[in-house]
Structure formats: structure tokens, C-alpha cells
Amino acid sequence: MSVLLQQLANGVVQGALIALIALGYTMVYGIIQLINFAHGEVFMVASYGGLATFTLLPGDLQKTPAVALPLMFVGGILVAVVVALVMERFAYRPLRNAPRLAPLITALGVSVFLQEAVRVWYPNATSNLPYPKVFPDGNLSLGPVNVPWTGVLLVVLSVGLSIVLQTYINKSRMGRAMRATAQDPDTAKLMGVNPDRVIVLTFIFGAVLAGVAGVMFGGYLSNINIDMGFQNGIFAFTAAVLGGVGSIRGAVIGAFIIGLIKTLAGQYMPGGTQYDYVWIFVVLILVLVFRPQGLFGEPERVRA
Amino acid sequence: MRKHSVKSAAMVGAALLVLAACGSNKDEAGGNNGGSCDTSKGTLTVGVVAPLSGNLSALGLGIKQSAELAVDEANKKCTVKGYKLTVSAQDDEANPAKGAQAATKLSTDPNVVGVVGTLNSSVAQTVQPILRDKKIPQVSPANTNPSLTRGNDFLTAPKRQFDNYFRVCTTDDLQGPYAANYLVEKAGKKKIAIITDGKTYGEGLAAELSKQVTKKGGQIVGSEKVGEKDTDFSGVISKIKALAPEAVYYGGEYPVAGPLSKQMASAGLNVPLMGGDGIYDGKFIELGGKEGDLATSVGAPTESLATAKAFVEAYKAKFGKEDYAAYGAFSYDAANAIIGGLAKTVDGGAWDESKRDAMLTNVGAYSGSGATGEVKFDQYGDSTNKVLTVYSVTSGKWKDVQTGEFTG
């Protein structure tokens, strides 16, 4: 029983990380129907951005977590946002009216570019880099269940930020513009919505969330490498598809489902941890067979 | 439209895999010119195949630079008469497919007389046959999987696999049991859990350890696998923790082992993590290896060997740092075995393709006193030097606690 509870907790933490990244996939898809495969790399770059910020701090500030930690978040998020904006402006905007496959392949190119750029230009990025120990140490113990404080923080941030995002999109004026653009960009334009602004804002939101995820990843697992974007990006993309691409709620729930399947299948299914990925994709395939639009995806909209 | 996008997503997934499989093959040339020796007959090349980029590059770099040092010294001493030697180092990224590309590239160069490498046993499996077809001797500084020289039935029916393959380090059928004896008898850990990364090296090592643990009265309480690119091990750790092991043995390398050890501690599983030569690197500690963690490695500690002193000093003089890593001294000896074999083969004459058979024989018969002690090969191509050392993390550093040979 205690093992089950512990594995559930592990799964929730893993799901929280995936959710933060999955939101970026699903929002961009919702607005411009682009699967932004480079989004995993934005997450990776943010993690290195946070690390670089820490390295650049003067020695006494490095020893003050209350200052260093928020600055790392700011640094990581800033790097993520800048990368996302440059990516949107120079890689995707020129292709906005091109056939859909073109931006998709471009996204792959951007992904490889970012990964190699960090490998070549970030000092010592050819191998794993340890993350600074400025995060709260120790565990939250609830009976038999132990969760590191960084894991708790990850879950709180992930759930909190997705609620904020959902509320913003449902309630605010800009959120309404985003929904309108998602439904019908041409009509939205006629109604006075500036699509460029909406798209740029969408990329910024995705990058901020990926930035938070990137720095938290480093804090939670204590070291980072250039492959982390690819691995977690695939999980996040899968979560977005599972939940229904375009749906905020779907992406978050899909992410938690994936986290839980991974840990529970590793514990209880034949083959153990060797085959945990298999079960994630078995569930994905089953869901797509019976609900091609994903768990919370809307059925195909008819476009004017 | 949505269906369409799922379809294109699948295509992209496939494209991603292809992209991941391709990538670039970096190549670097090294080795210095040969001073005042007679080099009128041209240049011959010693190949190096090792991970020069990626997670294991710290080990690969030590291999490459140590081979360069050996070649440099040979050039200065005019060891191979009439020829200048150079090093051609190829990156295998610790990936068997990349290793095959690197080996193919070297094997098509008529000036390549031998290859130092590889680091990974899994990469050696693809490199061996390519080099054999061209009769190019391969001397590995680091492959410890016993089947590479003696076949899958290495204990009961050993049979030489590749007549061009040699190694200067000992093997996992000794390393695993040596570690098991230390764990069970010296450290008194009877309940051992095993985690492996599923690769040739880690699987083989863990299997050999398990047999000996059981033989010595210990118990393997569980056995799990992790992915080489995994980063969050909480699932595996919770599963293992429920089995209450007294120690965890990890078959694999430090990029996973370091974080794994750290995550074990933070999940409340405060038992030592032990591994083989693949985790014996300073990076393991940097990435989260904790006090009391253990590793076995091949040979005696480099710093303690009288024969190694000269190597360490020369390495420092040439590269300014002591980053020869776990296999530097072995790589130096491997390169010298090739150079020694070559000197005997050329022997004042000229090198040509017809000398390749003689070259294999001469490398096999090589014997010398190297940085790791006596360098000699047995009838399978294995090193006759069977020394192993147990190290433990003490005050943030690897410290040797026991050196010897496996005696049963």
C-alpha cells in the first residue's frame, strides 16, 4: 500500500513537469495549428539559462537562495521567451501561409539547431551539468510517502499556473482575442483582433511555462543535459495529443495520466521499469482509436 | 483536419528518429611532428575510436589524448624507422552505429595501422568485424565485456572471436565477482538490488556480479532497468526501496549513476550505490554520487603505480591537466602495443598492405612494461594483467580501498 501511494506521488510530480511543457504545445497548436516540435528545446534552453544566471551571480548572492532562486527563474524565463520570440519571428511567421508541412519541418530544424547550439556554445554542455543547490532541501513526509520539496513546488507551480492560464484565456479581453483567433483567424481579424499580437503572446505564454519547467527540472533532478528537451518534449507532445491538442485542461490531465502510467506500470506491469514507456503509448493508441480528437479535444470544427 | 495533423505528427515522429540516428561525425586530427627522426617514407596513422562528445566524453578525451601522448613519444624516439606517426581520432558518441561509421572511415585509409578503442563494449561489437575484414589490429583500453574475446560461453567454452582484437584491461567475469566478494564479505551487504541500463556492458557486469553474490550467500532482492536517457528515477527507486536492499549495484555508466545515487538519498534509500569501471570518474561525484558509494575499476590506481608515474608526468607536461580519466593509462599502453607491433613489422623496411598479417601477429606477441604494469596478451587477446581495485567516495573524492586479483 505504501509503495502504491509513493508511486502515485512520483507519478504526480512527473506529470506536473510534463504538464508545464505540454501547455506550450497545446496553446500554439490551438492558435496556428502548428505542432511546435522545438518547444521541448525551449524548455531545455531555459534550464541552461537558469544555470547561466546562477553562474553569473556574484559569490555572496549565490549563497543566498532567497535572491538567487528568483533570479534563476527570471533568467531562465527570459532566455526561453527570447528564444521563442526569435523562433516565431524568423522561422514560423514567414511560413504562416505555407502548406502545413513546411512549418512542421522547420520546427524540427529549429529543434536540432537549438540542441546543437547549446552543445557547441555552452561551456561543458557536452556532458551532464550539475545544477546549483539553491533549492529547498529535504522531503515532505506524509506517512510512508516522501516527496522532495522541489517536487512539491513543481506540482504547486504546475497546477497553479495552468489555472491562472485557463482563467486568463476564459476571462480576459486578450484571452477572448486568443479564442477568437483559434476559432477563425480571418473573422477575428475583421473584428479588429491583431493576429500577430495574439500569436506572439501565445508563444510568450508557452515559453514562460517552459522556462519555469526548465529551472524546476534542474532543481528537482539536480542536473541537466542537452537531451532533456527531446525526451520530455516527446512526453509533453504525447500528453497534448492524449488530452486533445488545443485543449488546456486536456494537456494538463493528459500529462498527469502519463506520469501516473509511467510509475505505476513500472511497478506493477510485467517487464517492470524496462517497459514503462510501452504502456504510455499503448494507452495513447487506445485513446486515439476510440477518440481520435483526444480526451478533451473538440470535434473537428468546420471552417468558413 | 485534426486527423490529418495526427498523421503528420506520426510522420514527424519518424523524421525525428531518422534525425536522431544521423547527426554529424566529428573528426579531429592530433599527434605532433617527429623532430629530427628520418620520416622519409611517409606517415602512418594510429586510429582512435572513442566518445569525444556526449555524456561519456570525459572518458573518451582521456583515451584520445593518452594515445596522442604515446604517438608523440614514439615520434621523438624514432620508434618506427622511416615513418612519422599521427593520430586520427574519430568520435563514436558511445553509439554503436556511429562507431561503425568511424571504423569504416578508418579502415578505408591505407595508412591506418591499428586502432585504439573503443570505450564501450556495445560499440566494440560493431567495430570489431569492420576492422577484422581489413586486418587492422584493435586494442581496447576499456572494453570489459568478456564475450568480446571469448564468445558467449566465455566461462565454459571460450573461443577466440576476432584475431585482430586485443585489450589491455581485465574483464567483467572477474570484475563482477571481485565486486561481489567485496560487497558480501568485506562490506557485509547481503541483500543487493540490481539496476542496469540494458546495454552490453552493464548487463554483462551485473550478471557476473549476481552469480557470485548468490554463491557467497548473499541475495539479489530485485533487478530493474532504466533507460540511458532517463532522468527521473523516482519510480525505480520506490520499487527497489520496498525490497529493503542493503546496497544497490548499478550496471552502467556515471551519467545515470550519479543522479541515481543522489535521487536514492533524497527518496530516503540511504544505502551505498556500487558500480563498475563505468562509474569510476570524478563526474560521478559531481553529478550526485554520495559518500560511501563504491566502484571497482580495472588495474591498480594509476597514482600508486611506479610504472604510471612517468606517464602521469608526461601527460601533465603535454596537456597541462591530469584529465587522463579512468582509461588514460590503459589507452597509452594500448597505443604503445600498436606502435611496438608496428616497429617490429616495419623493422627498417617499408609498410604495405601485405604486412597486415605480420602486424596482427606482432601486436599479439607484444610485451612491454607500461603505465598499467605488464602489458601482454593471452591466447584470446585478453590482457594478462588481471588486477582490479575497489574505490570508495571519501570526502568528495574516489579513494582506493582494496587492490588485488579475483581469486574465487
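All chains use their own residue numbering, which begins from 1 and follows the written sequence. Note on labels: chains are lettered from A, ligands numbered from 1, in written order. At least 70 in pLDDT is required for a residue's local features to be given in this predicted model, at least 80 for side-chain atom pairs to be given and counted, and no such filter applies to totals for whole chains, interfaces and linings, which use all residues.

### Section: the interface of chain A and chain B
Tallying the contact residues gives 41 residues for chain A and 39 residues for chain B. Here a helix means four or more residues in a row that DSSP labels H or I, a strand means two or more in a row labelled E, and each is numbered from the N terminus. Only α1 (2-32), α5 (101-121), β3 (145-148), α10 (228-243), α11 (248-268) and α12 (276-290) of chain A provide two or more residues apiece to the side of chain A that touches chain B. Lys, Arg, Asp and Glu make up the charged group, whereas Ala, Val, Leu, Ile, Met, Phe, Trp, Tyr, Cys and Pro make up the nonpolar group; the residues left over, Gly among them, are polar. Tallied by class, residues from the side of chain A that touches chain B come to 15 nonpolar, 21 polar and 5 charged. We call two residues in contact if the C-beta atoms placed from their backbones are at most 7 Å apart.

### Some thoughts on unusual backbone geometry
B:Thr118 follows B:Gly117 through a cis peptide bond whose omega is 0 degrees. A positive phi angle, near 60 degrees, is found at A:Asn124, a position not held by glycine. Of note, the phi angle at B:Asp347 is positive, near 45 degrees, even though the residue is not glycine. With respect to the element layout, B:Asp347 can be found in the loop between α12 (328-346) and α13 (356-364). Exposure criterion: with C-beta atoms placed from backbone coordinates, a residue whose C-beta has 20 or more other C-beta atoms within 10 Å is buried, one with 12 or fewer is exposed, and one in between is partly exposed. Judged by the 12 C-beta atoms lying within 10 Å of it, B:Asp347 is exposed.

### Quick word on the pairing of strand β7 (residues 191-196) of chain B
The side chains of a regular strand alternate between both faces of the sheet. All names here are of chain B. Buried residues dominate β7, accounting for 5 of its 6 residues. One requirement defines pairing of two strands: DSSP has to find at least two bridges between them. Here 6 bridges tie β7 to strand β8 (residues 219-225), and the two strands are oriented parallel to one another. Paired with Thr196 across the bridge in β8 is Lys225. Handedness rule for crossovers: strands pointing away from the viewer, path from the first strand over the helix to the second running clockwise, crossover right-handed. Following the backbone out of β7, through helix α7 (residues 200-215) and into the adjacent parallel β8, one traces a crossover that is right-handed. Here β7 runs beside strand β9 (residues 247-251); their pairing, made up of 5 bridges, is parallel. For Ile195, the partnering residue across the bridge sits in β9 and is Tyr250.

### Here's the deal with the sheet that holds β9(B)
All names here are of chain B. Overall, mixed pairing links the 7 strands, which are arranged β8-β7-β9-β10-β11-β14-β15 in an open sheet. At either end of the open sheet lies a strand with only one pairing partner, and these are β8 and β15 (397-404). Strand after strand, the sheet turns through a mean of 25 degrees between neighbouring axes, direction not considered. Bridge count between strand β10 (residues 273-275) and strand β11 (residues 294-298): 2 bridges; the pairing is parallel. Lines fitted to C-alpha atoms define the axes here, with helix axes fitted over just the stretch in contact, and angles between the N-to-C directions of these axes take values from 0 to 180 degrees.

### With respect to the packing of α1(A) against helix α6 (residues 149-171) of chain A
Residue and element names in this part refer to chain A. Two elements in contact, α1 and α6, have axes separated by 8 Å at closest approach and are oriented at 35 degrees. The two elements α1 and α6 cross, and the hand of that crossing is left-handed. Contacts between α1 and α6 pair Val12, Val13, Ala16, Leu17, Ala19, Leu20 and Leu23 from the former with Gly151, Leu154, Val155, Ser158, Ser162 and Leu165 from the latter. By residue class, the composition of the contact of α1 with α6 is 10 nonpolar, 3 polar and no charged. Crossings are sorted by hand: turned counterclockwise from the far helix by less than a right angle, the near helix makes the crossing left-handed, and turned clockwise it makes it right-handed.

Nothing here speaks to function; it is geometry throughout.
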